[in-house]
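Commentary on secondary and tertiary structure
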Amino acid sequence: MNVIRTTRALRLAAVALAGATIVTLAPTAAVAAEGGGASPAVSADAAARVDLGPELRALVERGAATAALAEARENGRRVYRGGAGVNDLDSGRPVRTDGRFRIGSVTKTFVATVVLQLADEGRLRLDDPVERHLPGVVPNGGAITLRQLLNHTSGLYNYLEDPRFLFQDEPSLRSYLAQRRWTTWSPAQLIEVGVRGTPDFPPGQGWHYSNTNYVLLGEVIRAVTGHDWRTEVDRRIVKPLHLDNTVFPGARTGIPGPHAHTYAQLPEGLADLTLINPSFGDAAGDGISTTADLNRFHAALFGGKLLSAAVFAEMTTAVPAPMIGAHYGLGLIRYDLPCGEVWGHTGGIPGYNTVWLGSKDGTRQFALSFNLSQGAETEATFTTLNAFIVKASCGAAVAPEGGTTANPRLKTLR
């Protein structure tokens, strides 16, 4: 439900409250690796290259996050796992490195993978019109293909830009905290908002990130298989890969298992934002996972275990996505960093932000979750996030020079 941003005018949260103060916490760091240290199969240089502790702590010390978690893997071995910050402000307990978190739009890659598996099985074609699978649901659905839904070139209005969702200022944030975060939305309701909105451009004539695309893909999965998209993701990806801490909760408001709390900034202080009804995300972003599960999924997807080579080539055929300063494939984002390209996705849902990237050959990947207090972000947030991504992707040898790196940004649920 969010995307990394490179344009400096774009901001990380859906709301930035006037006069909000920044809350900086003293971080509590915890670092673990398999066997109590860097794996013997990984060289000392490799272990040092993924020492992400300073950057992780900086997200809490200077980046307005209350908690941050990360794991990096190389060749199937964990070479870094760490945490900074606190589980919750009341207890002050250190964050757990195995904690769960909301993954937002990283959910899209799970959904896209199922759609592509159905293409592999001959049960649909990527250039099928939406109308073939969802007759009468989308105006002009005969001119919009599944591929265009997958890579955000459909032109369909993004339903989350409707002011009924989330929050844009202090009054709407207060309304969200008091009432609207408990609202249950059905896929049909979300789609209705999306298809009634004015399209951004004719199908295939531009690029605009739209969560409407992926709610529709969830319904395509239902139409083709007879099962809810969550059932198919669980059957095809979660269970075979033993992603035991990955769930797609629908309307359930809690996060099962250990997890850090997240907060929203109000003039009088921070309000707990941990419990929300994520049904407004549906197939576009309601997932919950851990850094370890996400890295296992990345390794399997990019290691050729989930799709045929031909269909994976389709997935990694990316179009320019100027809105995010990157390229977008079929449920995947490609970023061009100083050391070359990295692939994955980012995700945001109120309070939780995820960055999930790695090499195209599946040998390296990392996952980062940080609990940014809504409305408390600063320029330091973007600087520290950029430093983390570059170091995790490229190593200590490739450092930002004069601020000329990608300077990635995340914007929650847009």
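Below or above, wherever it landed, is the structure these notes cover. (Residues numbered from 1 in each chain as written. Predicted model: local features only at pLDDT ≥ 70, side-chain atom pairs only at ≥ 80, totals over all residues. Heavy atoms only, no water.)

Applying the stated criterion across every chain, the model contains three cavities of 30 Å³ or more. Within this model, the second largest cavity holds a volume of roughly 40 Å³. Ala-67, Ala-68, Leu-69, Val-95, Arg-100, Phe-101, Ala-260, Tyr-352, Ser-369 and Asn-371 together form the lining of the second largest cavity. Taken together, the elements giving at least two residues each to the lining of the second largest cavity come down to strand 3 (65-74) and strand 14 (364-372). Here the lining of the second largest cavity gets three residues from one element, more than from any other, and that element is strand 3. (1 Å grid on protein atoms, 1.4 Å probe; cavity = no way out; pocket = protein on both sides within 12 Å on 5 of 7 lines; lining within 4 Å. Points joined across faces, edges and corners; volume = space filled by probe spheres on them. Helix = DSSP H or I, 4+ residues; strand = E, 2+ residues; numbered from the N terminus.)

With that settled, the discussion passes to the pairing of strand 14. Burial within strand 14 is extensive, with eight of its nine residues counted as buried. Direction of pairing for strand 13 (residues 352-358) relative to strand 14: antiparallel, over a ladder of six bridges. Counted as the bridge partner of Trp-356 is Ala-367 from strand 14. The antiparallel pairing of strand 13 with strand 14 creates a hairpin that spans five residues between the two strands, and Gly-362 there sits at a positive phi of about 80°. (Buried < 20%, exposed > 50% of the residue type's maximum accessible area, 1.4 Å probe, protein only. Pairing = 2+ DSSP bridges.)

Below, the discussion takes up the state of the cysteines. The full count for this structure, using the stated rule, is one disulfide. Here Cys-339 engages in a disulfide with Cys-394; their sulfurs sit 2.1 Å apart. The sign of the S-S torsion, about -65°, decides the handedness of the disulfide formed by Cys-339 and Cys-394: left-handed. Taken together, the residues span a long stretch of sequence, with Cys-339 in the loop between strand 11 (333-337) and strand 12 (340-349) and Cys-394 in helix 12 (residues 379-394) at a distance of 55 residues. (Disulfide = S-S within 2.5 Å.)

As a further point, take helix 8 (residues 211-225). Between its terminal C-alpha atoms helix 8 stretches 22 Å, which fits the 21 Å expected from 15 residues at 1.5 Å a residue. Within helix 8, 13 of the 15 residues are buried, which leaves it mostly tucked inside the rest of the structure. Taken from the residues just after helix 8, Gly-226 is the one with a positive phi, measuring 85°. (Expected span 1.5 Å × (residues − 1).)

This brings us to the side chain of Ser-154. In this fold, Ser-154 is placed in the loop between helix 5 (146-150) and helix 6 (170-178). Residue classification places Ser-154 among the buried positions, given a relative accessible area of 2%. A polar contact of 3.1 Å, which involves the side chain of Ser-154, links it to the backbone nitrogen of Leu-156. In this structure, Ser-154 is in contact with Ile-144, Gln-148, Leu-149, Phe-201, Pro-202, Pro-203 and Asn-213, ignoring residues within four places of it in sequence. (Polar contact = N/O pair within 3.5 Å; in protein donor to acceptor, adjacent residues only side chain to side chain. Contact = heavy atoms within 4.5 Å.)

Glancing now at the packing of aromatic side chains. In the structure shown here, the tally under the stated rule is twelve aromatic pairs. Summarising the aromatic geometry, the rings of Trp-229 and Phe-248 are spaced 5.5 Å apart at their centres and angled 70° between planes, so their arrangement reads as edge-to-face. Residue Trp-229 is located in helix 9 (residues 229-238), and its partner Phe-248 is located in the loop between helix 9 and strand 6 (263-266); the two are separated by 19 residues in the primary sequence. One exposure class covers both Trp-229 and Phe-248, and it is buried. A ring pair is formed by Phe-366 and Phe-388, whose centres lie 5.8 Å apart and whose planes are at 65°; its orientation type is edge-to-face. Of the two residues, Phe-366 sits in strand 14 while Phe-388 sits in helix 12, which places them 22 residues apart along the sequence. With respect to burial, Phe-366 and Phe-388 carry one shared label: buried. Sitting over the face of the ring of Tyr-214, Lys-108 holds its NZ or CZ atom 5.7 Å from the ring centroid. (Phe/Tyr/Trp six-rings, centres within 6.5 Å; stacked < 30°, edge-to-face > 60°. Lys NZ or Arg CZ within 6 Å of the ring centre and 35° of its normal.)

All told, the structure shown has 26 salt bridges when counted by the stated rule. Taking the shortest distance from any N to any O, the salt bridge between Glu-55 and Lys-391 comes out at 3.4 Å. Of this pair, Glu-55 sits in helix 2 (residues 53-61) while Lys-391 sits in helix 12, and the two are 336 residues apart along the sequence. In this structure, Glu-55 and Lys-391 share a single accessibility class: buried. Members of the salt-bridge network, linked through shared partners, are Glu-219, Arg-222, Asp-228, Arg-230, Asp-282 and Asp-286. (Salt bridge = Lys/Arg side-chain N within 4 Å of Asp/Glu carboxyl O.)

Just geometry here; none of it tells us what the structure is for.
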